[in-house]
Amino acid sequence: MNRTLLELPREVISDNLFCYLDYGSLCSVAQSCKELRICAHTEQNWKALCYQHWLDVRQSRSKVSWRENFIEWFKTLGRYIEIYPEIKRIWNRIFNSLKERAPLVYKTLMFDDDNNEPSGNILVDGDGFVPTSDRVGSERDLKMLERTLSRSLPEEFRCSYRICNGQNIGNRILLELQKYGMLGMFSVYHYALCEVLLPLHCIMARGSMEGDESSPGASFVYAKTFTEYLGMVATNLENPDLIVEKDGTMLQFFKEPGCEVETYHVKVSVATVLVPEFSQLSRVDPRLMFAYRITMSMDENEDPKYECTLQARHWEIVEYRSETDRHTETVDGPGVIGEFPRIAPGVSFSYASWTPMKTPQGHMEGHFAFVGRHRDDVLQVVCPRFKLRCPEVRNFTFNRGSTTSE
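Not measured: the values here are computed from a predicted model. (Residues numbered from 1 in each chain as written. Predicted model: local features only at pLDDT ≥ 70, side-chain atom pairs only at ≥ 80, totals over all residues. Heavy atoms only, no water.)

A.B. asks: I keep staring at the nonpolar core and nothing clicks. Help me out?
C.D. replies: Buried together is how nonpolar side chains tend to be arranged in soluble globular proteins. Counting 52 residues, the largest nonpolar core has F18, Y84, W91, I94, L98 and M182 as its most contacted members. Every residue in contact with W91, bar those within four places of it in the chain, is listed here: S160, I163, C164, M182, L197 and L230. Residues V266, Y351, C383 and L388 belong to the second largest nonpolar core, which totals 32 residues. (Core = buried A, V, L, I, M, F, W, Y, C linked by side-chain atoms within 4.5 Å. Buried < 20%, exposed > 50% of the residue type's maximum accessible area, 1.4 Å probe, protein only. Contact = heavy atoms within 4.5 Å.)

Listed below in structure tokens is the structure:
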């Protein structure tokens, strides 16, 4: 015997039919009649939709019902409903990584936490920092930024700033906070750079000082979309080889898998990074500046007789001019960055340096000359080969065609 829809039990309609409807269809069917409205307003279906679109399992926007909770979410973030869950998942990865590995960086982030934990309030307002009430970007601020820049912002970028409004750095950078940028710190010799995720009001302040750039020049391309780039940030923060110092600062140097070798009980590892600020995308004299961080160490359980002191370095710097053409330059010199470190059981020494290249790909390798405690023999401690490669470059072509390195 055939039965009409309204003759079915409410739980069958709700749990077996309406559970497959999207939020728009569920709202539409609720307007057809009283009976179907009761079925459409079932809590379980709206709870599932809250998780599907907002990743909300705590009914965080309204305790009246899951349907009212969904509506409150939609009122503020409805325009991003198709992209919000993907971007929020990426931000959750970032939050979790920073909270565990770099808690001082985590505390500078401005976002509304589901657990009601404080965020973005590492210093008080009197130190020039924005109040925690501005933890997330507003539509008003995003529209103001678009007017300041005279261009529309990608929806992914807008949605990201509705989730997290950058870092609470204020209008002036204090010395003690210069090293807590979410994108990591970079330091070579006397030069240091820490990349901070700017809040909207800081972007607007900087944007108003920039000139019109209707025809952008050559630039590095790290990702095709903002979401892809944000995902790369999350992946880097999850990387077990991410270098986090004892004081909680993160470094931009990243280790290449397998870039570690032990010779004569001295372990040498390498991490590298491209430095865009010192790279020059010029037709006349293109130059890419690559920085690298060398760490030498000896296991604490080694015999003290293996103690040794670095005396000299030898590098072979190779530029890839074509698939078959390799240009090699050799660099030799005493010590490293003016120092002659002693490596003993439980001792570690790290230093950073850089080298310019005229091609987007190449590699370095070499060795360090150590002498033992009694200076009887010279020990050639190997530094493994490490690759130097830059991301895609837009609006520029390298002409494959004196480097120095510490």
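A.B. asks: Sorry if this is basic, but what is going on with the side chain of T249 here?
C.D. replies: Mapped onto the fold, T249 is located in the loop between α11 (226–238) and β6 (254–263). Dropping the residues within four chain positions of it, T249 is found in contact with K179, Y180, I243 and V244. (Helix = DSSP H or I, 4+ residues; strand = E, 2+ residues; numbered from the N terminus.)

A.B. asks: Before we go on, may I ask you to explain the sheet that holds strand β7 (residues 266–274) in this structure?
C.D. replies: Where strands meet in a sheet, backbone hydrogen bonds hold them as pairs that are either parallel or antiparallel. Spatially, 4 strands are ordered β6-β7-β8-β12 in an open sheet, and the strand pairing comes out antiparallel. Either end of the sheet is taken by a strand with one partner, and the two such strands are β6 and β12 (348–357). Direction aside, the axes of adjacent strands within the sheet are offset by 20° on average. In terms of strand pairing, β6 meets β7 through 6 bridges, oriented antiparallel. When the bridges of β7 are listed, V261 appears paired with V268. (Pairing = 2+ DSSP bridges. Axes fitted to C-alpha atoms, helices over the stretch in contact; angles between N-to-C directions.)

A.B. asks: I keep staring at the pairing of strand β10 (residues 326–334) and nothing clicks. Help me out?
C.D. replies: Each regular strand shows side chains that alternate between the opposite faces of the sheet. The pairing of strand β9 (residues 308–320) with β10 spans 9 bridges and is classified as antiparallel. Paired with I317 across the bridge in β10 is E329. Here β9 hands over to β10 after 5 residues, the two strands then running antiparallel side by side.

A.B. asks: Looking at this structure, I do not really get the side chain of S269. What am I missing?
C.D. replies: Examined against the element boundaries, S269 turns out to sit in strand β7. According to the relative accessible area criterion, S269 is buried, its value standing at 7%. Setting aside its immediate chain neighbours within four residues, S269 contacts K255, C259, E260, R293, I294 and T295.

A.B. asks: How should helix α5 (residues 66–77) be read in this particular structure?
C.D. replies: End to end, α5 covers 16 Å across 12 residues, agreeing with the expected 16 Å (1.5 Å per residue, within 8%). Of the residues making up α5, those classed as buried are W66, N69, F70, W73 and L77. Projected down its long axis, α5 shows its buried positions confined to an angular sector of 100°, all on one face. Buried positions along α5 lie against α2 (23–29), α4 (43–54), α6 (84–101) and α9 (155–163). (Expected span 1.5 Å × (residues − 1). Arc of directions from axis to C-beta.)

Taken by themselves, the reported measurements are silent on function.
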